[in-house]
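Observations on chain architecture
Residue-level listing of the chains:
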Amino acid sequence: MNTENSQSKLTGVLVFSGGCLLGALIFWLTYGFSIVNPEYDGWVNASGGDLSQHYMGWKFFRRSPWAFPLGLTEGLSSDGMVSCMYTDSIPLFAVFFKLLSPLLPDTFQYVGIWELTSFILMGGFSSLLVNRFSRNPVFCIFSSAFFILAPSVLTRSLHHEALSAQWILVAAILLWTYAGHDWMFRAAPAVLWTLLGVISVTVHVYFLGMILMIMAGYILSDIFLKKRILHSVYVLGFTLLFSVITMFVFGAFYGDSDFTAGGLGRFSANYNFLYNSYGHSDFLKPPAVYNSNQEGFGYAGLGMMVMAVTGIVFAVISCFTEEDGFFSVLGRRIKKYWFHCLAALLVMAGAVFFAASPTGTFNDRIIYEINYPETVQKFLMVFRASGRFVWVADYILFTGITAAVASVRKKAFILPALAVCLGIQLLDLRTWLVSFHTRYTAETVYESPLKSDEWDTVTEGRDMFIFTPVTQAELGAAKTYRGFAEYACDRGMSLSSFYFARTSAASLSEYAQKCLDDLSAGKGMKNAVYIILNPEAVPENSSVEVKVIDGYTVALQK
């Protein structure tokens, strides 16, 4: 993938800046800038689901006293403090803005700022990546629009916003293109890969697994080109070491949270991921699928597909037009690039296989099933939503397609071809993009589900909400806690359980059941408000006051 002979003559600063500006422009056209206002949180609160979980995690983290590890949050679990990593509150931003908290307004959401930053960085890094293959700054900057508007980014933006930071993967591929490069400072590759690893775990741990896959391609290429085996050991070792240290510092290993989780195979990808739009395309009808989850969503877009065909056609034509003849030219190119292509294919194949397994499906059919040993299965469950790893293949493919078009000998054809393909991409995603614009440029007013003034009465003198009984379904449903989390945070109360990315479900369930048993026996906590999630479990005890407020069953120990 190292193409030093096509290194851009323009400075990286110019190309990077142009891509950043394009990223900001596309963000504005897609979402508007009102959501960037940190004091406007109505749209975040009204979103529900994962986004409300992340925002509530930040609010509780902000009010928590500083502790070590740095990411610890109190008030969300009967198990004690938990890391903001498990509320997916983007620890990188959470810790930074908590440091500034005394200077910030009482209402402060950074989701909009984060998304704008991600669009900007995607534009900047993808422009630099294309600049490794093209000397044309206009082509470098505008081809980054394919990366900025990647469907895999759009499906995560303003929903699971940490995972929309896929510029991390593009930055990793950019580093890959420097395999075999003679650096001024020998430690530069280890430092850059380590920095990327540290950033990835402070955004979302899944990115660490993905960049390690991309790093495997870098290591293969570097060993092939320079025979630097010890160098590769340093790069991998330092990246892993400092990434794990960073996770420790932010609290990933604190408490009883289970780092693994169930669902391996349920959240895998379908092998049709490149052309399966799941209804987001205006032209391509989605095929039938065996498992309809969209964790493995990696639709390339019709414009990118056309660009792939264009690149192949241009490459074939260029072989015919050279004087040496088709096969002679083809042979030279294969000899020059065969290992780079092989390394890219190996990484893509590994990423797709992991994303699709252990039950490989194509459309609505099962191709294979793998019964991993229990120890292997537990390891793989760290990345149970394995379908996300198709993004590695997506961006390597995007890079290869863009490089193929950039290498066309007839340079006059490149920009028109890019414009046509980009136009097709925008038309293909038009309805989806318009829906974003309509939704997020309109002012949203949030209304809490806890509307009654009676909540102030029942919580007087009480400092905790206890949810009971809780099953895995309640622990995995953000809507169970949304209104209560906001109410509790604003009044200095705590929760017995919350929706976490990783948690000790058994421990929380046992605690909730014990609380219910004590309440039923008339020995409940007088400082707690019990939210009875199962109407059949309402205690029948004269010392327990039961009432229904805003549709919620509430119990109080007299």
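Note that the structure is predicted; figures quoted are calculated from it, not measured.

**Some thoughts on the overall build of the protein**
Scanning the protein from terminus to terminus reveals 21 helices and nine strands. Judged by the C-alpha coordinates and their principal axes, the protein covers about 95 × 50 × 50 Å. Put simply, the protein has 558 residues, and 55% of those count as buried. Contacts in the protein between residues far apart in sequence, at least 24 positions, make up 75% of those at least 6 positions apart. A total of about 23900 Å² of accessible surface is found on the protein, and carbon and sulfur atoms cover 64% of it. The average position of the 38 basic charges and that of the 41 acidic charges among the side chains of the protein differ by 12 Å.

**Structural notes on the packing of aromatic side chains**
In the structure shown here, the tally under the stated rule is 48 aromatic pairs. Aromatic pair Tyr-234 and Phe-238: ring centres 6.3 Å apart, planes at 50 degrees, arrangement tilted. Of this pair, Tyr-234 and Phe-238 both sit in helix α11 (residues 229-249), four residues apart, roughly one helical turn. For Phe-238, a relative accessible area of 38% translates into the label partly exposed. Sitting over the face of the ring of Phe-61, Lys-98 holds its NZ or CZ atom 4.2 Å from the ring centroid. Over the ring of Tyr-487 we find Arg-491; its NZ or CZ atom is 3.6 Å from the centre of that ring.

**Here we look at the side chain of Ser-126**
Mapped onto the elements, Ser-126 comes out in helix α5 (residues 111-131). Not counting residues up to four positions away in its chain, the partners in contact with Ser-126 are Ser-144, Phe-147 and Val-170.

**Considerations on the pattern of salt bridges**
Using the criterion set out here, one finds 10 salt bridges in the structure. The shortest N-O distance in the salt bridge between Asp-518 and Lys-514 comes to 3.0 Å. Of this pair, Asp-518 and Lys-514 both sit in helix α21 (residues 505-520), separated by four residues, roughly a single helical turn. Relative accessible area serves as the criterion here: at 26%, Asp-518 is assigned to the partly exposed category. In this structure, Glu-545 and Lys-547 form a salt bridge, with 3.2 Å as the shortest nitrogen-oxygen distance. A network of salt bridges, in which partner residues are shared, links Arg-156, Glu-295 and Arg-388.

**A closer look at empty space enclosed by the protein**
Tallying each qualifying case throughout the model produces four cavities of 30 Å³ or more. Size it by volume and the largest cavity reaches roughly 50 Å³. In this structure, the largest cavity is lined by His-54, Tyr-55, Trp-58, Asp-88, Ser-89, Ile-90, Gln-109, Tyr-110, Val-111 and Glu-161. Examining the composition of the lining of the largest cavity, we find that three residues originate from one element, helix α3 (residues 49-63), more than from any other. Taken together, the residues that form the lining of the largest cavity break down as five nonpolar, three polar and two charged.

**Thoughts on the sheet that holds strand β6 (residues 494-495)**
Spatial ordering of the open sheet is given by β6-β5-β7-β9-β8, a layout of five strands whose pairing is mixed. Whereas interior strands pair on both sides, the edge strands pair on one side only; in this sheet they are β6 and β8 (544-549). In terms of strand pairing, strand β5 (residues 464-468) meets β6 through two bridges, oriented parallel. For Phe-465, the partnering residue across the bridge sits in β6 and is Leu-495. This element, α21, spans β5, β7 (528-532), β8 and β9 (552-557) of the sheet and lies at about 100 degrees to β5.

**What about unusual backbone geometry?**
Pro-69 follows Phe-68 through a cis peptide bond whose omega is 0 degrees. Position of Pro-69 relative to the elements: it lies in the loop between α3 and β1 (72-73). Between Thr-468 and Pro-469 the backbone carries a cis peptide bond, its omega angle lying at -20 degrees. Note that Pro-469 resides in the loop between β5 and α19 (472-475). Positive phi outside glycine occurs at Lys-227, with the angle close to 60 degrees.

Here is what the cut-offs are and how they apply
- Residues numbered from 1 in each chain as written.
- Predicted model: local features only at pLDDT ≥ 70, side-chain atom pairs only at ≥ 80, totals over all residues.
- Heavy atoms only, no water.
- Helix = DSSP H or I, 4+ residues; strand = E, 2+ residues; numbered from the N terminus.
- Buried < 20%, exposed > 50% of the residue type's maximum accessible area, 1.4 Å probe, protein only.
- Contact = heavy atoms within 4.5 Å.
- Areas by Shrake-Rupley, 256 points an atom, 1.4 Å probe, with all protein chains shown as cover.
- Lys, Arg positive; Asp, Glu negative; His and termini not counted.
- Charge placed at Lys NZ, Arg CZ, Asp CG, Glu CD.
- Phe/Tyr/Trp six-rings, centres within 6.5 Å; stacked < 30°, edge-to-face > 60°.
- Lys NZ or Arg CZ within 6 Å of the ring centre and 35° of its normal.
- Salt bridge = Lys/Arg side-chain N within 4 Å of Asp/Glu carboxyl O.
- 1 Å grid on protein atoms, 1.4 Å probe; cavity = no way out; pocket = protein on both sides within 12 Å on 5 of 7 lines; lining within 4 Å.
- Points joined across faces, edges and corners; volume = space filled by probe spheres on them.
- Nonpolar A, V, L, I, M, F, W, Y, C, P; charged D, E, K, R; others polar.
- Pairing = 2+ DSSP bridges.
- Axes fitted to C-alpha atoms, helices over the stretch in contact; angles between N-to-C directions.

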